[in-house]
Amino acid sequence: MVKKTDILFSEYIIDGVSMDTTPADMLKECMPAQYWDEFLKDWQSQDTGRSLEPIIDETSDRIPANFKYDCGKAEEYLKEILQTLSGKGTSAISPDHPRSATRLAIAESILDAIWKEGHFRLNNLNLTACWEWDPALLGNMAAFYISTDAASGYIYDLGVRLTGLEIRREKDCHNAAFRINGVKDWLPCRGMADSIDDTEYEPKEKVWLWNTRKCPELVTAGNSRLIYIPFDTCQHRLGGSALAGILGKGNENGPEIMDPDYFIDCFEVIRELVEDGIVLSGVTVGRGGL
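Counting from 1, residues in each chain are numbered in the order their sequence is written. With the structure being a predicted model, the display of local features is reserved for residues of pLDDT at least 70 and the display and counting of side-chain atom pairs for 80 or more, all residues being used for whole-chain, interface and lining totals. Hydrogens and waters are ignored; side-chain quantities use all the structure's heavy atoms.

Chemist: Explain the packing of helix 5 (residues 140-158) against helix 7 (residues 260-275) here, please?
Modeler: In helix packing, the relevant descriptors are the interaxial angle and the interaxial distance, both defined with respect to the helix axes. Angles here are taken between N-to-C directions and fall from 0 to 180 degrees, while the axes themselves are lines fitted to C-alpha atoms, restricted in helices to the stretch in contact. Comment: elements are numbered from the N terminus, with helices defined as DSSP H or I runs of at least four residues and strands as E runs of at least two. Running from amino to carboxyl end, helix 5 crosses helix 7 at an angle of 45 degrees, the nearest separation of the two axes being 9 Å. What the angle tells us is that helix 5 and helix 7 run oblique. As helix 5 runs across helix 7, the sense of the crossing is right-handed. Contacts from Tyr 154, Asp 157 and Leu 158 of helix 5 reach helix 7 at Pro 260, Phe 263 and Ile 264. Each residue receives one of three labels: charged for Asp, Glu, Lys and Arg, nonpolar for Ala, Val, Leu, Ile, Met, Phe, Trp, Tyr, Cys and Pro, and polar for the others, Gly being one of them. Here the residues of the contact of helix 5 with helix 7 sort into five nonpolar, no polar and one charged. The labels follow the angle: roughly parallel below 35 degrees, roughly antiparallel above 145, roughly perpendicular from 65 to 115, and oblique for the rest. Crossing chirality is assigned from the near helix's rotation relative to the far helix, an anticlockwise turn below a right angle marking it left-handed and a clockwise turn marking it right-handed. We call two residues contacting when some pair of their heavy atoms lies within 4.5 Å.

Chemist: It is not clear to me how the packing of aromatic side chains should be interpreted in this structure. Could you clarify?
Modeler: Pairs of aromatic rings are described using the distance from one ring centre to the other and the angle between the two planes. Here a Phe, Tyr or Trp ring, Trp counted by its six-membered ring, pairs with any other such ring whose centre lies within 6.5 Å, and the pair is stacked when the planes are under 30 degrees apart, edge-to-face when over 60, and tilted otherwise. Under the defined criterion, the tally for this structure stands at 11 aromatic pairs. Between Trp 36 and Phe 39, the ring centres sit 5.5 Å apart and the planes meet at 45 degrees, which makes this aromatic pair tilted. Of this pair, Trp 36 and Phe 39 both sit in helix 2 (residues 33-46), three residues apart, which is roughly one turn of that helix. Exposure categories follow from relative accessible area, calculated using a 1.4 Å probe and restricted to protein chains: below 20% of the type maximum is buried, above 50% is exposed, and the middle band is partly exposed. Note on Phe 39: relative accessible area 8%, which makes it buried. Three or more aromatic residues joined by ring pairs make a cluster, and in this case those are Phe 9, Trp 36, Phe 39 and Trp 43.

Chemist: Explain the confidence of the model for the chain here, please?
Modeler: Do not read the predicted coordinates in detail wherever pLDDT is low. Looking at the chain as a whole, its pLDDT mean stands at 82, while 82% of the residues score no less than 70. Along the chain, pLDDT gives the predictor's confidence residue by residue, from 0 to 100. Averaged over each element, pLDDT in the chain is lowest for strand 4 (residues 91-92) (64) and highest for strand 2 (residues 17-18) (97). Within the model, pLDDT remains below 50 along residues 186-201, and this stretch shows 40 contacts once partners closer than five positions in the same chain are excluded.

Chemist: Help me understand the environment of Ala 24 in this model?
Modeler: Within the element layout of this structure, Ala 24 appears in helix 1 (residues 23-28). For Ala 24, a relative accessible area of 1% gives the class buried. Residues Ala 24 and Thr 148, 124 residues apart in the sequence, show an inter-C-alpha distance of 8.5 Å. Dropping the residues within four chain positions of it, Ala 24 is found in contact with Leu 8, Phe 9 and Trp 36.

And the structure:
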């Protein structure tokens, strides 16, 4: 008889150690009660016969990589990345780098909103999350647990809210996607994208977000400067990046991405410059491997 497990609400035993909390408990911390209740009702309606058997797994053993990138092959690397990447959206959460990859996916989703038309701050944003996971693969459930732990902590520390959650079981898959789906306090405005009516808050000012961009990705302008602004204080490491993955060198160390306060400061300053029209163009650099 195959035992049923619930990857969100089950107890986890990883590397022989029983975890203190479940993924559901962690994600609940960054979801307002009304959204959590809606998710819970929908989740329970899908399978009323679940039994909560413990999930036992172990973390993947990452073999240290010893690979040097050739600066003279930059054009070749770029061509391989552009041919492989299929647009933005769901990002692979490698069992070797579940924590850094999850935090990077969240940061990339939030940064995509910084270039949009609107008037908002970081703590006005709502976020949705979707994990596509295969519980059958060794190391996958340990990675899933670490991923949800990283997501809940980072979302909470950044001051945004998780207002949508989805878990899908997919064969040979360990992906996660995070998307901005609206703003926290808002007044109806024509052209607004994916706004959520939330009576929990009294709007003190007109807070809004459009799908259209305030800053184009490309612009031709004289007397301007190209500036790279890192939104974290971590060291540049290529582990878990698209480049490392394409070249089969994914075992390298990945960036830690552990400074939410610095991210908040950067976001607020750049967002103000965008709204004031000082930033002429903007592009988000994510898992490409800068």
